[in-house]
Structures are given as structure tokens and as C-alpha cells.
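Inside the fold
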Amino acid sequence: MPVSITARIFSSIRPTLARAALTPLLGLLALAGASNAFAAYRPTHGSQILWDRYGVAHVYAKSVTDLFYCFGWAMAHSHGDILAKLYAQARGRAAEYYGAEELKSDRWMAINGVPARARLWLREQSPAFRANLEAFAAGINAYASAHPDALSEQARRVFPVSATDVVAYEQRLFQFTYAAPASLADRLTPTPVAAPGAPAAGSNGWAIAPSRSASDRAMLLMNPHLPWAPGWSTYYEIQLTAPGVDLYGATQVGLPVLRFVFSDYLGFTHTVNDPPAVTFYRIAAVPGGYRFDGKVQPFRTRRQTLRIRQPDGSFTTETATVRSTVQGPIVGERDGAPIAMRVAGLDRPYALEQYWHMAIAHDFAGFQGAVAQLQVPTFNILYADRDGHIEYLYNALVPRHLTGDLNYWSSIVAGDTSKTLWTDYLRFDELPKVIDPPGGTVENSNDPPWDAAWPNVLDPAPFSAVIPPVPTPSVVLRAERGIHMLSEDSKISFDQLIADKWSHHCELADRVLPELLEATVRYGDDLAKRAAEVLAHWDRSTNADSRGALLFLDWAQRPGAASGFEPEGFAHPIDIYRPLTTPSGLADPEGAVRALQAAAQDMLAGFGALDTPWGQVMRLKIDSVDLPASGGPARLGVFDVLDYSPLNNGTRAANFGGSYVAVVSFDRPTRAKVLLSYGTSSQPGSAHRSDQLPLLSKGVLRDAWRTRAEVEANLESRDSF
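Residues numbered from 1 in each chain as written. Predicted model: local features only at pLDDT ≥ 70, side-chain atom pairs only at ≥ 80, totals over all residues. Heavy atoms only, no water.

1. Looking at the side chain of Ser 546
By the secondary structure assignment, Ser 546 is in the loop between helix H15 (526-537) and helix H16 (549-556). Assessed through its relative accessible area of 1%, Ser 546 is described here as buried. Excluding residues that lie within four positions of it along the chain, Ser 546 makes contacts with Trp 538, Asp 539, Ser 541, Thr 612, Pro 613 and Trp 614. (Helix = DSSP H or I, 4+ residues; strand = E, 2+ residues; numbered from the N terminus. Buried < 20%, exposed > 50% of the residue type's maximum accessible area, 1.4 Å probe, protein only. Contact = heavy atoms within 4.5 Å.)

Right, dumping it as C-alpha cells:
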């Protein structure tokens, strides 16, 4: 980014969240519990929640604090059982309420000192925002008290909740689910357990400037992809209004702020990135402690008792003994040496408040002032506003390393010297970002920043030591499908933006199918040639009626084929300087034909035909709803991501992918269409557990009802306070 633009941005930043730095010994502090100042809080008379016919809550509050109270009430109404379990996990006492299956989570919270740190973080909040957090918790408790029968027996054990639980959950989600989940420690074993280092997560985000918009108004696409199983990944859609505030969007259940949000002024969305937020250190243990900078330091040791509920209602206990070093807690060992873990952001307690200031900003400068505080530890940000500005930001707390490259810091590093102990992060002005690019668009689909604008305006070289330059094929293929679509029209209409969101075209097929068909002529038997004939007539999409998509997916998962799983199957690997043509080709054409023969045999055995329609097997199924699905896995290079798990009858049910969708145009007033795939409620018996699946099956978005008149015209019920 040119220096002149940077200077102009920073001259207009108005910091809103400046705070003193926190002590690094947070995990050892045992502070007093959360204040009960808001335990009896009641919103101002006249505050209301109007529930529309899709179960979306529209909060009309008399003050901002009332807004947070109503937000908590609404979230408990829609997701009370999930909410209770998430807070129990963040509290580090889930095994006490739910049983031994939660013990691993409780151990991870104890090792990382989450409950104690949450108490400190709550004390550090500004008085006004702490009042909001207390009110949010009070609203949750008020709903649970008024409607105990709406909650499961296990959930009722968790109440009442406190603002400390809210802050603990924020920390558990951002630092210890996204960045450092409990499964990460499994990698420390000599033979790593086959477990992901981070939760399955993905997303698409676009921002379009007026110069590329058919309406001459900026537009924004929000489309996170997360697991559908109820839990940390569940999204909640809501409208929040109070004097001077009118926000619409979604967040993950348990959070008191919106993470995907738009107003009449601006909007922002996230995509998942992968900053080097976790460092493992090999500790040199010696009698009396461990060696650090030539001296022996004692381990800091603390013990925590964990209670485990048994099936008969009795309890057993386990004592967690936690040893810590200057780097962080000991989380495992390798070759007899203790391994300590350091996680970015444990000195940044104001992420929730930053989100609030981001959402209520009225212009680009105000938004930049909030984002520049770098309290939110990860996630790319894509932004657009009514003044026509757009932005991509590689938002992350990226540790500042004085030596070593990415390979060095992704391994276990020496922990006996302060030379490897990072204590600072890249500044906001040092992070990759694109603001108002000449091409008029920014995009991200979890790929590195280099193609955020097309034509490319970022050079990867300055960031080679801190940001992985090359993504996996599944990421790059989906991102390149997006770039292709953005490049096809000089002006993009609102309706075209919606159509692009629903794109089911397989970029992988464009890269390898012509060579596969040619190779089949040379190497294939009769069955392979019949399969090739099906693929030759396939529309290269994963629409419900597409014939050939199932066969292609089966092929792509086999040795010798090429897919987003691994880079080895491609003749031409990913080249970040040729993003629209790599990866491509088949590294082993004869092996790819053998994979096609095996896939064809599998199709005949499983479905009796090579051209079984995609939607006959791929289903949208929740409760009694069972509908054909369109959309495919990212490893095929499909933009509209859905992935599936097997069912007993040979079909598969969507269990991951497009969760919340918002397509926004910053007209005056802002207009938007939205969808929450699995509905706004997870509570048993709710009509809103699956009522949006028919829209998803048809590829239709709903109008976002934002005016009171629209909401009243589609009213299901109301809560008055």
C-alpha cells in the first residue's frame, strides 16, 4: 500500500480502546468472582423483542445496556441448551455438569488458566462495556429463570451464568478453539494422533466498490462455512436496535457481539486465516526447575480439582497439576523433554469491546480506529461502506520473531533462551491490507492475502517469514473460482452477486477433466470409458440434478487422482504468481484412469448407475426435513461449500459449509438478503430448527426485515419488558 494512503488512514484514526498492558502471569491469579451488580438488572419498561416468522429476534431497546440484556434473553430463548454447555466448558466445569466426556475440555481450560484469566479480563473492561456484559448475562439468567422447562436438565445445572462466563467463552473460542484447540497437544506425541490441529472452518467474503457495482453502491458478501453440529460453530442471527444503534447480522452462540454485521453505514465479514499464533518450546528441565538464559528457574505450579459427574449422579474428582514456564504452561512432552505452549492474544482482553466499536462505527475512519487496536486475535476482515470504501485486512496477532523462518517457528523451538521468547506482535500498519484497489473488488476464501485484489497489488515477499505463502489446493481452487466470477463482469448487479454466491461449478474439473478424458482413451477399459462418457456430458457442477458429480467426487478421493486434499496429484503445482492456471493437469495420467475405473465400480455397487444425480444422494436433513442438496466440498473447488456425512440408507446429510449468508448493498437505506441454513433455533421442538432448509434447497435467500413495519408484518410473537 502506498505510504501516502497509509499516512492518510492513520492521521484519521481515533483510538477507542487504549488500555494498559496485562501481566504475563494471568494464569496464576485467583481474583474475586464476577460482580453481582447486575444480578437483578431489569431493562427499561418498553424494551421489546419481536420474533419474526423465521424465529429471528428483533430487539428494540431503550438503551444500549437494555440492548445487551435483550440480546442475552433472545440467545437463551433460541439456543439455551447450547449456550449452557458452551459456558460450562469455558468455566472448566463441563464434566461436573455433563459427565466424563467433557473431561478433556476441562483439563485444557485448567492447563491454560482460562477461568482465572477471564476474571481478570472482566475487571479490565471499561465500566460501560462491563455493564453491557453484565446485562447480557442477566438477560440469559432471566430467561432461564422464567422458562426453566425450556431447558434440559443438564443445562439447568449450569445456571446462573455470569459476565465472567461470557468473557471466558470468548477466550475459549478465539484462543483455545480456533488457535490452540485441545487436539493440538496430540501432535506432540512421537506418532501424532490423526486429529486436526484446528476446527474445520472456512468462509467466503467479497467486497465490491461502486466502480464495479451496477447500482454504483458498494456491496458485501458474507458467507462463513462451519460445522453444522450444534456447538461452538452455531451461528445466531439477530437485529439489535437502541437509540443511535441499528445493527443486523450474526454471531456464534455465546458471544455478546456480532461478528458478521451491517448497518446503514457499513458492514464487515470474516474469513478464517491461519496466523502463527501458537509456539511450542522444548524446555530444558533440570533439578530444581528448568534452564533459561543460563540460570535455573523454578516451574510455577498450581493444582486444580476437577469434578466428574458419574451416570448415577455421584461425583469423582481428578487433580490437574499444571506447571508453567516463562513461555506458558507445559502441555505435553517430546523425547522426554517438557513442551510449553505460548498462545498469541492472552494479553489482549478487549476483543468483545473492539467488535462493538467496529459495528457501531459510522465511517471508514471510525472503523479503522477500532480495528487498529488489534484485540481480535485472528480472522481476515472484508469491509464495505455507504461512502464506497472497501477493504481487505489480514487481521491477526502475528508474533514478532527476531530470527527464524516459518518452518522454524512451526516446529518445536528451543526454550532455554530469551532469544526465542516473542513478546510483541506486528503493528496494524505492518499487516497485509488492500484499501480501495483499482480493480474495485476484494475477496478472500481462506487463501493467503496475495490475491485479495485482482489484479494483484500485494507482494508476498515482505511477509514470507510470518504468513504461509502457499495455500492448500482446496483453498486455492475455491478462491480462484471466486476470482474468475469477479472477473467476468465489468459491473456486478445485486442479483448477479447472489447468483455468484450460489455457484456450484467445480474449478477442479476445469483444471484436470480434459486430461482425464484424454488419458482414458489411452489407458481405460470399457468401464472407465463409460465413466468418461458420463463425465464428458456432466455440467461440471454440484447442482442437485447434476449427473456425473458423484462419480467425479468418488474419483477425486482416490490414489492417483487430483483433488484439494494434497498437491501431489497435479502435474503443475500451485504457483502463487499464476493463480488462475495452477494447480492443474495430472501428475500420473495412467494412475488417474485406474482411479476412475475404481470409482466407476464403486458407483455401480453403491447406486446402480454411473450418472446418479447429486441431490439423490446428497441431502439436507434435520429432524423430519429431508431435501435434495446442491453445493459441494471445497476440495472440488466449489464456491458454495457444503460437505456431507454418511447416513444409514446410503445417502449423505450436509454437516458442514454455508452457514450464515448475507448479501448486502449499501443503498440508502441499506438492503440485504440473508439465510441461516439450519435455522435460528436449536431447542428441541422449535419450528425454527430446520425451516430455512427449503430455501437452501431451492437456492433462495430471504429478505432481511429491518424496518419495524416489515417485522410487524411478519410477526410471530413478542416479548415485552
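2. Here's the deal with the packing of helix H9 (residues 351-360) against helix H10 (residues 364-371)
Remark: H9 packs on H10, axes separated minimally by 8 Å, with the N-to-C direction vectors making an angle of 175°. The angle between H9 and H10 places the two elements in the roughly antiparallel class. Between H9, through Gln 354, His 357 and Met 358, and H10, the contact on the second element is made entirely by Phe 367, Ala 370 and Val 371. Of the residues in the contact of H9 with H10, the class split is four nonpolar, two polar and no charged. (Axes fitted to C-alpha atoms, helices over the stretch in contact; angles between N-to-C directions. Parallel < 35°, antiparallel > 145°, perpendicular 65-115°, else oblique. Nonpolar A, V, L, I, M, F, W, Y, C, P; charged D, E, K, R; others polar.)

3. What to know about the sheet that holds strand S10 (residues 284-286)
Hydrogen bonds between backbone groups are what pair the strands of a sheet, and the pairing can be parallel or antiparallel. Taken together, three strands build an open sheet; the order of strands is S10-S11-S12 and the sheet is antiparallel. Edge positions in the sheet fall to S10 and strand S12 (295-297), since each has one partner strand and no second. In this sheet, adjacent strand axes meet at a mean angle of 45° when their direction is disregarded. Where strand S11 (residues 289-292) and S12 come together, three bridges link them in antiparallel fashion. (Pairing = 2+ DSSP bridges.)

4. Overview of the nonpolar core
Counting residues in hydrophobic clusters, the biggest one holds 229 residues, and the most contacted among them are Phe 262, Phe 552, Trp 555 and Tyr 660. No other element matches helix H2 (residues 64-91), which puts 16 residues into this core. If you look at the next biggest cluster of nonpolar residues, it comprises six residues, including Leu 103, Ala 110, Leu 306 and Ala 320. (Core = buried A, V, L, I, M, F, W, Y, C linked by side-chain atoms within 4.5 Å.)

5. Some details on the pattern of salt bridges
Under the criterion given, the structure shown has 32 salt bridges. Put simply, Arg 511 and Glu 507 hold a salt bridge, and the shortest N to O gap is 3.0 Å. Placement of the pair is Arg 511 and Glu 507 together in helix H14 (residues 507-523), with a separation of four residues, close to one helical turn. Assessed through its relative accessible area of 9%, Arg 511 is described here as buried. As a salt-bridge pair, Arg 547 and Asp 611 come within 3.8 Å of each other at their nearest N and O atoms. On the criterion of sequence distance, the pair formed by Arg 547 in the loop between H15 and H16 and Asp 611 in the loop between helix H17 (589-607) and helix H18 (614-617) is long-range, its members being 64 residues apart. Residue Arg 547 is classed as partly exposed on the basis of its relative accessible area, which comes to 43%. For Asp 611, a relative accessible area of 31% puts it in the partly exposed group. Beyond isolated ion pairs, a larger network of salt bridges with shared partners links Arg 400, Asp 424, Arg 427, Asp 429 and Glu 430. (Salt bridge = Lys/Arg side-chain N within 4 Å of Asp/Glu carboxyl O.)

6. Section: the confidence of the model for the protein chain
Within the protein chain, residue pLDDT values average 92, and 93% of them lie at 70 or more. Confidence drops under pLDDT 50 across residues 1-38; counting only partners more than four residues distant or on other chains, this segment forms 69 contacts. Low pLDDT, under 50, characterises residues 191-199; the predicted model gives this stretch 18 contacts beyond four residues in sequence or across chains. (pLDDT = per-residue confidence, 0-100.)

7. Quick word on the side chain of Arg 706
Tracing the chain through its elements places Arg 706 in the loop between strand S30 (702-703) and helix H20 (708-713). Arg 706 has contacts with Gln 239, Asp 246, Tyr 248, Phe 262, Ser 263, Asp 264 and Thr 670, leaving out every residue within four places of it along the chain.

8. Thoughts on the packing of H14 against H15
Taken N-terminus to C-terminus, the directions of H14 and H15 make an angle of 150°; their axes are 9 Å apart at the nearest point. When the interaxial angle is binned, H14 and H15 end up roughly antiparallel. For H14 against H15, the interelement crossing comes out left-handed. Contacts from Leu 513, Leu 516, Leu 517, Thr 520 and Val 521 of H14 reach H15 at Ala 528, Lys 529, Ala 532, Leu 535 and Ala 536. (Left-handed = near helix turned anticlockwise from the far one by under 90°.)

9. Let's talk about the sheet that holds strand S16 (residues 337-343)
Taken in spatial order, the four strands line up as S15-S16-S9-S19 in an open sheet, and their pairing is mixed. Of all strands in the sheet, those bounded by a partner on one side alone are strand S15 (330-334) and strand S19 (412-414). Here the strands of the sheet are splayed against their neighbours by 40° on average, with no regard to which way each runs. Where strand S9 (residues 278-282) and S16 come together, five bridges link them in antiparallel fashion.

10. Brief notes about the pairing of S9
A large share of S9 lies buried, amounting to four of its five residues. Sheet topology places S9 next to S19; three bridges connect them, and they run parallel. Note on S19: the bridge partner recorded for Tyr 281 is Val 413.

11. A closer look at H9
The buried count for H9 comes to eight of ten residues, which makes it a mostly enclosed element. Listing the buried residues of H9 in full gives Ala 351, Leu 352, Glu 353, Gln 354, Tyr 355, Trp 356, Met 358 and Ala 359.

12. Details of the pairing of strand S28 (residues 660-665)
Counted residue by residue, S28 has six buried out of six residues, so it is predominantly covered. Taking every second residue as pointing to the same face, both faces of S28 are buried, with Tyr 660, Ala 662 and Val 664 on one and Val 661, Val 663 and Ser 665 on the other. Alignment of strand S4 (residues 219-227) against S28, held across four bridges, turns out to be antiparallel. Paired with Met 222 across the strands is Ala 662, a residue of S28. In terms of strand pairing, S28 meets strand S29 (residues 671-676) through six bridges, oriented antiparallel. When the sheet's bridge partners are listed, Val 661 is paired in S29 with Leu 675.

13. So, the packing of aromatic side chains
Each pair of aromatic rings is reported with the distance of its centres and the angle of its planes. Under the criterion given, the structure shown has 28 aromatic pairs. Aromatic pair Trp 73 and Phe 721: ring centres 5.1 Å apart, planes at 85°, arrangement edge-to-face. Here the residue Trp 73 occupies a position in helix H2, and Phe 721 occupies one in the segment after strand S31 (715-720), the gap between them amounting to 648 residues. Among the residues examined, Trp 73 registers a relative accessible area of 10% and is labelled buried. For the pair Tyr 178 and Phe 379, a centre-to-centre distance of 4.8 Å together with 85° between the ring planes defines the contact as edge-to-face. A residue pair is termed long-range when its members are at least 10 positions apart, and Tyr 178 in helix H8 (residues 163-179) and Phe 379 in the loop between H10 and strand S17 (380-385) qualify at 201 residues. (Phe/Tyr/Trp six-rings, centres within 6.5 Å; stacked < 30°, edge-to-face > 60°.)

14. Some points on H16
Burial analysis of H16 places eight of its eight residues in the buried class, which makes it a mostly covered element. The complete set of buried residues in H16 reads Ala 549, Leu 550, Leu 551, Phe 552, Leu 553, Asp 554, Trp 555 and Ala 556.

15. Quick word on unusual backbone geometry
Cis rather than trans, the peptide bond between Phe 159 and Pro 160 has omega equal to 0°. Position of Pro 160 relative to the elements: it lies in the loop between helix H7 (153-158) and H8. Residue Pro 455 is bonded to the preceding Trp 454 through a cis peptide linkage, with omega at 0°. Among the structural elements, Pro 455 can be located in the loop between strand S21 (441-444) and helix H12 (473-488). A positive phi angle, near 55°, is found at Asp 335, a position not held by glycine. Positive phi outside glycine occurs at Asp 623, with the angle close to 55°. On the secondary structure map, Asp 623 appears in the loop between strand S24 (618-622) and strand S25 (625-628).

16. Overview of the environment of Ala 168
For Ala 168, the location among the structural elements is in helix H8. For the pair Ala 168 and Ala 531, spaced 363 residues apart in sequence, the C-alpha to C-alpha distance is 53 Å. Excluding residues that lie within four positions of it along the chain, Ala 168 makes contacts with Ala 90, Val 114 and Ala 118.

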